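Structural features, examined
The primary structure of each chain is shown beneath.
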Amino acid sequence: METKTVVHDETYSISQLAQEFSVSLRSIRFYEDQGLLKPHRRGKHRIFSRSDRSRLILILRGKRLGFTLMEVQELFRLYDADSGTKKQLQDMLNTVQARQQKLKQQQNDIDLIMMELNAAERRCYKQLSKLG
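Every value quoted in this text rests on a predicted model; they were computed, and no experiment measured them. (Residues numbered from 1 in each chain as written. Predicted model: local features only at pLDDT ≥ 70, side-chain atom pairs only at ≥ 80, totals over all residues. Heavy atoms only, no water.)

**Section: the overall build of the protein**
Along the protein, the regular secondary structure elements total five helices and three strands. Put simply, the protein runs from its N terminus to its C terminus through helices and strands in the order β-α-α-β-β-α-α-α. When the 132 residues of the protein are sorted by exposure, 20% land in the buried category. Carbon and sulfur atoms make up 53% of the accessible area of the protein, which totals about 10800 Å². (Helix = DSSP H or I, 4+ residues; strand = E, 2+ residues; numbered from the N terminus. Buried < 20%, exposed > 50% of the residue type's maximum accessible area, 1.4 Å probe, protein only. Areas by Shrake-Rupley, 256 points an atom, 1.4 Å probe, with all protein chains shown as cover.)

This is the structure:
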């Protein structure tokens, strides 16, 4: 007797995603309106795929890092792009390298700020210990 393995893609409702990531339904609908998420419809219900869930994670991470939604869209375009012409690939490569450079600078800035905050924290502890 032969058994068949049926693979079902995991799907999510808008409410499940909103609850999992502590975002509003309105935010998720906005990301959909902006073309960042592309759920399927079953009647009036949105059915989000694992890909949509992954994209939502990247959107929220991008927001935390200060990316605009346009920048997030550009990153998605790069991820989704099939190999194209040499010029398209060179343009994408330039965009990726520019983003990498910007992130490296931000990381350096964060490292410097952390060093300054750590020094300020040490000074506070030192002053507190003097005050008893």
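**Some details on a nonpolar patch on the surface**
Among the surface-exposed residues, Ile110, Ile113, Met114 and Leu117 lie close enough to one another that they form a single nonpolar patch of about 390 Å² accessible area. Structurally, the position occupied by Ile113 is in helix H5 (residues 86–131). On the basis of relative accessibility, which here comes to 46%, the residue Ile113 falls in the partly exposed class. (Patch = residues over 30% accessible without salt bridge, like charges linked within 9 Å, V, L, I, M, F, W, Y side chains within 5 Å. Salt bridge = Lys/Arg side-chain N within 4 Å of Asp/Glu carboxyl O.)

**Remarks on the sheet that holds strand E1 (residues 11–12)**
Within the open sheet, the three strands sit side by side as E1-E3-E2. Their pairing is antiparallel. Looking at the sheet topology across the chains shown, the edges are occupied by E1 and strand E2 (40–42). When E1 meets strand E3 (residues 45–49), the two strands line up antiparallel, connected through two bridges. Note on E3: the bridge partner recorded for Tyr12 is Phe48. (Pairing = 2+ DSSP bridges.)

**Quick notes on the side chain of Arg46**
Looking at where Arg46 falls in the secondary structure, it is placed in strand E3. On the accessibility criterion, Arg46 (18% relative accessible area) is buried. A distance of 2.4 Å separates the side chain of Arg46 from the side chain of Glu32, its partner in a polar contact. When residues no more than four places from it in sequence are discounted, the contact partners of Arg46 are Tyr12, Ser13, Ile14, Arg29, Glu32, Pro39, His40 and Arg41. (Polar contact = N/O pair within 3.5 Å; in protein donor to acceptor, adjacent residues only side chain to side chain. Contact = heavy atoms within 4.5 Å.)

**Describing the environment of Arg61**
As for its placement among the helices and strands, Arg61 is situated in helix H3 (residues 50–64). Of the residues examined, Arg61 reaches a relative accessible area of 41% and is grouped as partly exposed. For the pair Arg61 and Val72, spaced eleven residues apart in the sequence, the C-alpha separation amounts to 9.7 Å.

**Here's the deal with H5**
Its 46 residues give H5 an end-to-end C-alpha distance of 67 Å, which sits within 8% of 68 Å, the value for a rise of 1.5 Å per residue. Immediately downstream of H5, the backbone of Gly132 shows phi near 80°, a positive value. (Expected span 1.5 Å × (residues − 1).)

**Comments concerning the confidence of the model for the protein**
Across the protein, the average pLDDT comes to 87, with 89% of residues at 70 or higher. Below pLDDT 50 for its whole length, residues 1–8 participates in zero contacts with residues either more than four positions away or in separate chains. (pLDDT = per-residue confidence, 0-100.)

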